[in-house]
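Take a look at the letters that make up each chain.
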Amino acid sequence: MRRLWLCLGVAVLVGCAKTADDEARPLLKKIEGYYAEGQYKTVLDSIEQLRVSYPHAIESRKRALELWQDASLKLAQRDVALTDSALQATTVQLSAARDLLTKNWLSVKRDSLQARYDAMCGVVRMIHARQKQYKQAKSEK
């Protein structure tokens, strides 16, 4: 009988213990707040911290994955927009340039910006593909 009470007591204590997801929840709420404020770099850094600090918080990490993809997409889209603006400005400068040295320098800058633009567009496409895969896997469960 004594063993039964001891087992029951241990089961109650274990049942009342906080899970890893319960411990990770405050950090996840902070991350969601950063996302709502548009602090996407802070979101990514905080998710890294969540992954290291709470490796067994599975549900929190699943939600963090969605936020990671969304924040990465927002950062990449912002980078595409900035690069596109710089590329257009450089193209206008190149067409207005008179001397050969300036034209050559602007051509190099334009080519570099074009390569960056193409790479960032590829990143955006890849994030969209990953989000689609994640949503399909989530809906299949």
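Worth saying up front: this structure is predicted, and the values here are computed from it rather than measured.

Visitor: Mind showing me how you'd approach the overall build of the protein chain here?
Guide: Looking only at helices and strands, the protein chain features 5 helices and 0 strands. Shown N-terminal to C-terminal, the secondary structure of the protein chain runs as helices and strands in the order α-α-α-α-α. Counting across all 141 residues of the protein chain, residues that qualify as buried make up 25%. Counting contacts in the protein chain only where the partners sit at least 6 residues apart, residues at least 24 apart contribute 65% of the total.

Visitor: Please clarify how the packing of aromatic side chains should be interpreted in this entry.
Guide: To describe a pair of aromatic rings, you give the distance between the ring centres and the angle between the ring planes. The final tally for this structure, using the stated rule, is 1 aromatic pair. The ring of Trp68 has Arg51 lying over it, and the distance from NZ or CZ to the ring centre is 4.6 Å.

Visitor: How should the packing of helix α2 (residues 20-37) against helix α4 (residues 58-96) be read in this particular structure?
Guide: Describing two packed helices takes the angle between their axes plus the distance from one axis to the other. In the contact formed by α2 and α4, the axes pass within 10 Å of each other and the chain directions differ by 15°. Considering their axes alone, α2 and α4 lie roughly parallel with respect to each other. Both α2 and α4 take part in a crossing whose hand is left-handed. Taking contact as the criterion, the partners of Asp21, Ala24, Arg25, Leu28, Ile31, Glu32 and Tyr35 in α2 are, on α4, Ile58, Glu59, Ser60, Arg63, Ala64, Leu67, Asp70, Ala71 and Lys74. In the contact of α2 with α4, the residues fall into 8 nonpolar, 1 polar and 7 charged.

Visitor: Is there a simple way to explain the pattern of salt bridges in this structure?
Guide: In a structure, side chains of opposite charge can pair up when their charged atoms sit close to one another. On inspection of all chains with the given rule, the structure shows 10 salt bridges. The partner of Arg63 in a salt bridge is Glu32, with the nearest N and O atoms 3.0 Å apart. Of this pair, Arg63 sits in helix α4 while Glu32 sits in helix α2; the two residues are 31 residues apart in sequence, bridging distant segments of the chain. As a salt-bridge pair, Asp111 and Arg110 come within 3.3 Å of each other at their nearest N and O atoms. Each of Lys29, Glu32, Arg63, Glu66 and Lys138 takes part in one network of salt bridges that share partners.

Visitor: Sorry if this is basic, but what is going on with the packing of α2 against helix α3 (residues 40-53) here?
Guide: Taken N-terminus to C-terminus, the directions of α2 and α3 make an angle of 165°; their axes are 8 Å apart at the nearest point. The angle between α2 and α3 falls in the class roughly antiparallel. The crossing of α2 and α3 is left-handed. For the pair α2 and α3, contact is made by Ala24, Leu27, Leu28, Ile31, Tyr34 and Tyr35 and by Tyr40, Thr42, Val43, Ser46, Ile47, Gln49 and Leu50, respectively. Of the residues belonging to the contact of α2 with α3, the class tally is 10 nonpolar, 3 polar and no charged.

Visitor: Explain the nonpolar core here, please?
Guide: A general tendency of soluble globular proteins is for nonpolar side chains to be buried together. Counting 13 residues, the largest nonpolar core has Ile31, Ile47 and Leu50 as its most contacted members. Breaking this core down by element, the ones donating at least two residues are α2, α3 and α4. Examining the composition of this core, we find that 5 residues originate from one element, α3, more than from any other. When residues no more than four places from it in sequence are discounted, the contact partners of Ile47 are Ile31, Ala64, Leu67 and Trp68.

Visitor: It is not clear to me how the side chain of Asp79 should be interpreted in this structure. Could you clarify?
Guide: Inspection of the secondary structure puts Asp79 in helix α4. Here Arg116 takes part through its side chain, which lies 2.6 Å from a polar atom of the side chain of Asp79. Apart from residues lying up to four places away in sequence, Asp79 is in contact with Arg116 and Met120.

Definitions and cut-offs
Residues numbered from 1 in each chain as written. Predicted model: local features only at pLDDT ≥ 70, side-chain atom pairs only at ≥ 80, totals over all residues. Heavy atoms only, no water. Helix = DSSP H or I, 4+ residues; strand = E, 2+ residues; numbered from the N terminus. Buried < 20%, exposed > 50% of the residue type's maximum accessible area, 1.4 Å probe, protein only. Contact = heavy atoms within 4.5 Å. Phe/Tyr/Trp six-rings, centres within 6.5 Å; stacked < 30°, edge-to-face > 60°. Lys NZ or Arg CZ within 6 Å of the ring centre and 35° of its normal. Axes fitted to C-alpha atoms, helices over the stretch in contact; angles between N-to-C directions. Parallel < 35°, antiparallel > 145°, perpendicular 65-115°, else oblique. Left-handed = near helix turned anticlockwise from the far one by under 90°. Nonpolar A, V, L, I, M, F, W, Y, C, P; charged D, E, K, R; others polar. Salt bridge = Lys/Arg side-chain N within 4 Å of Asp/Glu carboxyl O. Core = buried A, V, L, I, M, F, W, Y, C linked by side-chain atoms within 4.5 Å. Polar contact = N/O pair within 3.5 Å; in protein donor to acceptor, adjacent residues only side chain to side chain.

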